Amino acid sequence: MSVHNPDIKRVTTHTIQELKNKGEKISALTAYDYSMARVVDMAGVELILVGDSASNVMAGHETTLPITLDQMIYHACSVVRAVKRALVVVDLPFGSYQGNSSEALRSAIRIMKESGAHAVKMEGGLEIRESIVRVLSAGVPVMGHLGLTPQSIYKFGTYAVRAKEEAEAQKLMDDARMLQDVGCFSLVLEKIPAVLTKRVSENLAIPTIGIGAGPDADGQILVLHDLLGITNEFKPRFLRRYADLHTVMLEAIAHYVDDVKVRDFPNEKEAY
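Computed from a predicted structure; not experimentally measured. (Residues numbered from 1 in each chain as written. Predicted model: local features only at pLDDT ≥ 70, side-chain atom pairs only at ≥ 80, totals over all residues. Heavy atoms only, no water.)

### Describing the nonpolar core
- The biggest cluster of nonpolar side chains holds 59 residues, and the ones touching the most others in it are Leu187 and Val200.
- Among the elements that take part in this core, helix α4 (residues 69-82) stands out by supplying eight residues, more than any other.
- Setting aside anything within four residues of it in sequence, one finds leucine 187 in contact with Met143, Gly144, His145, Leu146, Ala176, Leu179, Val200, Leu204, Ile206, Pro207, Thr208 and Ile209.
- Among the nonpolar cores identified, the runner-up in size contains 17 residues, and Val11, Leu19, Leu47 and Ala119 belong to it. (Core = buried A, V, L, I, M, F, W, Y, C linked by side-chain atoms within 4.5 Å. Buried < 20%, exposed > 50% of the residue type's maximum accessible area, 1.4 Å probe, protein only. Helix = DSSP H or I, 4+ residues; strand = E, 2+ residues; numbered from the N terminus. Contact = heavy atoms within 4.5 Å.)

What follows is the structure, given as structure tokens:
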């Protein structure tokens, strides 16, 4: 069972900062719908990300790029209705903030007003600084995201580890400091060398949340469907599967089909 602190009735951005200050690791997971978010929240996760990874795991797209702002708001509304404790952060989807700070502000305000979420996440560093500052100026908390940024996958051309070379590592470090300086409350570090994660985390006052970034981030995040083994094709080194629900669900549904075929379901006790 979870060892989360039951005294924390509602996790806020301030709570996340306090956890880093105390040296307590931060647990984070994605969620996209009411039923799953309710379970994740009850388990004691501090931060729930309504990720644009919904484009992959919920809609079956190859990348995160196709998901729209309206679709992200739909998923965010579902999650917020379920959550009583965790901090809910929502990804601003591709095309809703890059290159236009006014559009970024409109997108962030729509998410906050229409879903009731607590913060937004934006991918990138110096190139989106103006958009981040504009969103922050409206009082919307922003989580940054550096390293492998899936919305830029066609620019990278690969999902390989980022910032292995010193020049890219230094740019990531500079971007991380910038994100902290302009007011981001935390920062996701995705698929970068563990030694760089340690360096960034030790040099920032704000919390870092890692995914495929080694053990030294201030917290960790995984995609819920990967952790539960609902998706079984995705097998990166950093992923630990805590269950094999793909097999459990497949067997249960196949059992149901068999029972229907042989007229065992419903039986007399299950009829009115």
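Now that the structure has been shown, we can carry on.
### A look at the pattern of salt bridges
- Scanning all chains against the criterion turns up twelve salt bridges.
- Lysine 121 is the partner of aspartate 91 in a salt bridge, and the nearest nitrogen-oxygen pair spans 2.7 Å. Residue aspartate 91 is located in strand β3 (residues 87-91), and its partner lysine 121 is located in strand β4 (residues 119-123); the two are separated by 30 residues in the primary sequence.
- Residue lysine 121 is classed as buried on the basis of its relative accessible area, which comes to 2%.
- Between glutamate 103 and arginine 106 there is a salt bridge, with the nearest N and O atoms lying 2.9 Å from each other. Note that glutamate 103 and arginine 106 are positioned in helix α5 (residues 101-115) at a spacing of three residues, about one turn of the helix. (Salt bridge = Lys/Arg side-chain N within 4 Å of Asp/Glu carboxyl O.)

### Observations regarding the domain arrangement of the protein
- You can read the domains of the protein as domain 1 (13-241) and domain 2 (244-271).
- Domain 1 puts four residues into the contact, and the matching count from domain 2 is four residues.
- A buried area of about 350 Å², summed over both sides, lies between domain 1 and domain 2, and 58% of it is on carbon and sulfur atoms.
- For the pair domain 1 and domain 2, the number of links is zero salt bridges.
- Each residue belonging to the side of domain 1 that touches domain 2 can be placed in one class, and the counts come to two nonpolar, two polar and no charged. (Domains from an automatic or database assignment. Buried area = accessible area lost by both parts, 1.4 Å probe. Nonpolar A, V, L, I, M, F, W, Y, C, P; charged D, E, K, R; others polar.)

### Overview of the UniProt feature "binding site: Mg(2+)" (unreviewed entry) in the protein
- The UniProt feature table records "binding site: Mg(2+)" (unreviewed entry) at Asp52, Asp91 and Glu123. Look at the named residues: they lie 72 residues apart in sequence, but the longest C-alpha span between them is just 11.0 Å, so in the fold they bunch up.
- Here aspartate 52 shows up in the loop between β2 (47-50) and α3 (54-57).
- Given a relative accessible area of 5%, aspartate 52 falls into the buried group. (UniProt positions renumbered as here; feature names shortened; annotations may be inferred.)

### Some words on the packing of aromatic side chains
- In this structure the tally under the stated criterion is two aromatic pairs.
- Note on phenylalanine 234 and phenylalanine 238: the rings are 6.3 Å apart at their centroids and 70° apart in plane angle, and the pair reads as edge-to-face.
- You can call phenylalanine 238 partly exposed: its relative accessible area is 28%.
- Ring centres of tyrosine 256 and phenylalanine 265 lie 5.8 Å apart, and the angle between their planes is 65°; this geometry places the pair in the edge-to-face category. (Phe/Tyr/Trp six-rings, centres within 6.5 Å; stacked < 30°, edge-to-face > 60°.)

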